[in-house]
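Analysis of the macromolecular model
The chain contents come next:
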Amino acid sequence: MSASAPITQDVLTIPRKLPEGPTNIVGLTRDQLREALIAAGTPEKQAKMRVNQIWQWVYHWGVRSFDEMTNLAKAYRAQLAERFVIEVPEVVTRNVSADGTRKYLVRIAGGHEVEIVYIPETDRGTLCISSQVGCTLTCSFCHTGTQKLVRNLTAGEIVGQIMVARDDLGEWPEPGEGTGENGPRLLSNIVLMGMGEPLYNFDNVRDAMKIAMDGEGISLSRRRITLSTSGVVPEIAKTAEEIGCMLAVSFHATTDETRDKLVPINKRWPIADLLDALRAYPKLSNSERITFEYVMLKDVNDTDEDARRLVKLIKGIPAKINLIPFNEWPGAPYERSDWERIERFADIIYKAGYASPIRTPRGEDIMAACGQLKSATERARKSRAQIAAEAGIAE
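These notes cover the structure that comes with them. Every chain begins its residue count from 1, and numbering advances along the sequence as written. Residue-level local features of this predicted model are given only where pLDDT is at least 70; pairs of side-chain atoms are given and counted only at 80 or more, and the full residue set underlies all totals for whole chains, interfaces and linings. The basis for every side-chain value is the complete set of heavy atoms in the structure, and neither hydrogens nor water enter the calculation.

Quick notes on the side chain of Glu197
- Secondary structure counts use DSSP, requiring at least four H or I residues in a row for a helix and at least two E residues in a row for a strand, with both numbered from the N terminus. Within the fold, Glu197 resides in the loop between β9 (189-192) and α5 (202-213).
- Three labels apply to residues, based on accessible area from a 1.4 Å probe with only protein chains included: buried if under 20% of the type maximum, exposed if over 50%, partly exposed otherwise in between. By the counting scheme adopted, Arg and Lys are positive, Glu and Asp are negative, and His together with the chain ends is not counted. Salt bridge, as used here: a side-chain nitrogen of Lys or Arg that lies within 4 Å of a carboxyl oxygen of Asp or Glu. Of the side chains with opposite charge, Arg259 comes closest to the buried, unpaired Glu197, at an N-O distance of 8.1 Å.
- Separated by 3.0 Å, the side chains of Glu197 and Thr229 make a polar contact. Distance and chemistry together define a polar contact, namely a pair of N or O atoms within 3.5 Å, with one atom able to donate a hydrogen and the other to accept it when in protein, and with adjacent residues in sequence counting only for side-chain atoms on both sides.

Here you go:
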């Protein structure tokens with residue numbers, strides 16, 4: 001990476017200009033929806049009740065038409081339809097892996113595309129959602145990081161990804177049923193681990209997650225939402241205070257020299273600064289543990305010495321370490337660590353008293369695994385040599 005290459009964008013981003021025309025209800029907070037309804041002619045004394053009614057139709061029942069909101073008067077429904085829409089991202093393609101993983105390519109305003117991944121397991125169903133079109137962090141092992149940042153997603157585009165997946169899974173309850181009456185939820189967990197750095201789009205991510213956690217709608221517990229950051233230190237305390245979800249950190253190295261290459265944001269907020277912020281997080285959010293994500297790269301970060309350094313670095317932080325076998329992609333300048341090496345690394349961490357699960361790669365056959373997401377239309381085709389040069393790695 002050249003000395004003049006940007007490490008990150010600034011934390012503050014310019015709000016996106018909203019399109020003209022009807023307002024999309026999806027993504028509005030309760031307060032924003034109340035204000036919008038009043039501005040559209042709803043009497044102020046009725047506004048709170050109307051918010052509750054519309055909220056349940058949209059986020060509990062999954063309704064997309066005001067005509068179906070049968071506890072609202074016909075005239076009021078017509079009034080709403082003139083001023084508002086209920087829209088989610090458009091599904092462009094849907095791929096299903098041999099292991100059941102589903103990957104959706106969805107189109108948002110402006111014709112841009114992002115990817116969503118649903119991972120079914122025996123005891124849960126996890127949806128990996130995106131927060132930006134592209135990414136600004138240029139992490140050298142990540143396919144998404146080779147794609148330039150286009151823009152932040154709106155709160156509606158973020159929560160809309162959850163709604164798209166629930167559509168495909170057929171998980172909206174039937175009238176008269178509660179959400180959990182037909183057995184375990186198919187979509188039970190959210191991870192903000194898709195395209196983009198969530199903490200560079202903080203306000204929209206916060207609003208979307210508050211909608212997802214609202215008990216009158218999608219109703220996901222904050223403990224079932226995990227936000228993954230590469231280490232935007234100033235926003236970590238805000239995440240605890242304003243969202244309160246579980247936190248994961250893309251750590252991936254035990255020295256600043258190596259992490260500077262793998263996760264360039266480290267040049268702005270090095271390991272010591274990041275760990276100081278993380279030590280405060282469990283107390284702030286009452287979360288149980290920080291998850292440290294550690295991608296296993298052959299001959300880069302996978303030695304016994306790295307494992308021992310990692311244990312020393314995280315001392316005093318309630319933590320688990322997710323070891324991620326590197327998911328290769330075209331032009332990737334790295335290889336996956338040998339399985340025996342990964343197991344040896346995990347054993348050192350486990351014997352030091354930390355959970356160290358090795359993540360089973362899912363959806364590799366449809367390029368849906370961790371670090372492989374990248375939308376087709378925004379794809380910048382680069383050679384292995386180009387990618388290695390930008391990452392500061394000798395070929």
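Structural notes on the packing of aromatic side chains
- The aromatic pairing rule takes the rings of Phe, Tyr and Trp, using the six-membered ring of Trp, and pairs them if the centres are within 6.5 Å, calling planes under 30 degrees apart stacked, those over 60 edge-to-face and the rest tilted. Applying the stated criterion across every chain, the model contains 4 aromatic pairs.
- With a centroid separation of 6.3 Å and 85° between ring planes, the pair formed by Phe326 and Tyr334 is classed as edge-to-face. The two residues Phe326 and Tyr334 agree in class, both being buried.
- Sitting over a ring, as applied to charges here, requires NZ of Lys or CZ of Arg to be within 6 Å of the ring centre and within 35 degrees of the ring normal. The lysine or arginine in question, Arg30, covers the ring of Trp55, its NZ or CZ lying 4.6 Å from the ring centre.
- Between the NZ or CZ atom of Arg268 and the centre of the ring of Trp269, over which it lies, the distance is 5.4 Å.

Remarks on the environment of Glu90
- Checked against the element boundaries, Glu90 lands in strand β3 (residues 90-96).
- Measuring from C-alpha to C-alpha, the distance between Glu90 and Val164 comes to 8.2 Å, with 74 residues separating the pair along the chain.
- Dropping the residues within four chain positions of it, Glu90 is found in contact with Leu105, Val106 and Arg107. Should any heavy atoms of two residues lie within 4.5 Å, those residues are considered in contact.

Focus: the side chain of Asn201
- Here Asn201 shows up in the loop between β9 and α5.
- Separated by 2.9 Å, the side chain of Asn201 and the backbone oxygen of Ser131 make a polar contact.
- A polar atom in the side chain of Asn201 sits 2.8 Å from the backbone oxygen of Leu153.
- When neighbours within four sequence positions are excluded, Asn201 is seen to be in contact with Ser131, Asn152, Leu153 and Ile158.

So, the nonpolar core
- Within this scheme, the nonpolar core is defined by two criteria: the residues are buried Ala, Val, Leu, Ile, Met, Phe, Trp, Tyr or Cys, and they are joined through side-chain atoms within 4.5 Å. If you look at the biggest cluster of nonpolar residues, it comprises 101 residues, and the most contacted ones within it are Met209, Leu278 and Phe292.
- The element that contributes the greatest number of residues to this core is helix α4 (residues 155-169), accounting for 8 residues.
- If we ignore the near neighbours within four places in the chain, the residues touching Phe292 are Val249, Phe251, Leu275, Leu278, Ile314, Ile317, Ala319, Lys320, Ile321 and Asn322.

Comments concerning helix α10 (residues 339-351)
- The end-to-end C-alpha distance of α10, which contains 13 residues, comes to 18 Å, matching closely the 18 Å that a straight helix rising 1.5 Å per residue would cover.
- Every buried residue of α10 is accounted for by Ile342, Phe345, Ala346, Ile348 and Ile349. Down the axis of α10, the smallest arc covering the buried residues is 155°, so these residues share one side. Exposed side chains of α10 directed beyond 90 degrees from the buried face belong to Glu340, Tyr350 and Lys351.
- Of the surrounding secondary structure, the elements contacted by the buried residues of α10 are β12 (290-296), α9 (304-313) and β13 (319-325).
- Just downstream of α10, Gly353 is the residue with a positive phi angle, here 105°. Expected helix span is taken as 1.5 Å per residue step, with the number of steps being one fewer than the number of residues. Along the arc lie the directions from the helix axis toward the C-beta atoms.

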